[in-house]
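Structural overview for review
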Amino acid sequence: MSPTTGDRLILDREFLLLQVDHDLEFLPHVIGIFLKESRTRLAEIADAMAKHDLGAVAAAAHSLKGSTGGIGAQRAHHAAHLLERAALLANAPAALTAWSDLQHEAETLLSQLAESA
């Protein structure tokens with residue numbers, strides 16, 4: 001079982017395996033795509049945060065929320081959700097806090113996935 005914070009997993013490996021029909025040869029390909037795409041989304045969020053463009057933050061966070069949910073990355077998914085919500089509400093202080101949380105969760109997730117890719 002994966003490490004948790006509260007009841008959320010960093011990565012629900014069983015969920016991820018179900019997404020690839022337990023195809024262990026295909027799994028590294030899926031992880032590789034996720035790593036590349038999530039780094040792109042994180043860079044977009046960082047750029048949008050620097051520009052105080054909460055609309056762009058919300059869009060990139062929404063995209064990241066979908067991809068993290070799709071692989072079972074529960075903590076990063078929740079953090080992306082909170083950032084998207086704060087950005088949509090134009091709550092810059094909450095967005096800044098949520099961005100910090102997302103960066104931490106993403107770093108933890110990406111390092112865990114990079115080890116298994």
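In what follows, the accompanying structure is described. Remember, predicted model here, so these are calculated numbers, not experimental data.

What about the nonpolar core?
Within the largest apolar cluster, 36 residues are counted, with the highest numbers of intra-cluster contacts made by Ile45, Val57, Leu83, Leu102, Leu109 and Leu113. If you list the elements that add at least two residues to this core, you get helix H1 (13–19), helix H2 (27–50), helix H3 (54–71), helix H4 (74–88) and helix H5 (92–116). Once residues within four sequence positions are removed from consideration, Leu109 is found in contact with Ile10, Leu11, Phe34, Thr68, Ala73 and Ala76.

Here we look at unusual backbone geometry
Peptide bonds are, in most cases, trans, and in most cases residues other than glycine have a negative phi. In the Ramachandran plot, Asp21 falls in the positive-phi region, its phi being about 55 degrees despite a non-glycine side chain. Along the chain, the position of Asp21 falls in the loop between H1 and H2. What makes Asp21 exposed here is its relative accessible area of 67%. For Ala90, which is not glycine, the phi dihedral falls at a positive 55 degrees. When its relative accessible area of 57% is taken as the criterion, Ala90 is described as exposed.

Criteria and cut-off values
Residues numbered from 1 in each chain as written. Predicted model: local features only at pLDDT ≥ 70, side-chain atom pairs only at ≥ 80, totals over all residues. Heavy atoms only, no water. Core = buried A, V, L, I, M, F, W, Y, C linked by side-chain atoms within 4.5 Å. Buried < 20%, exposed > 50% of the residue type's maximum accessible area, 1.4 Å probe, protein only. Helix = DSSP H or I, 4+ residues; strand = E, 2+ residues; numbered from the N terminus. Contact = heavy atoms within 4.5 Å.

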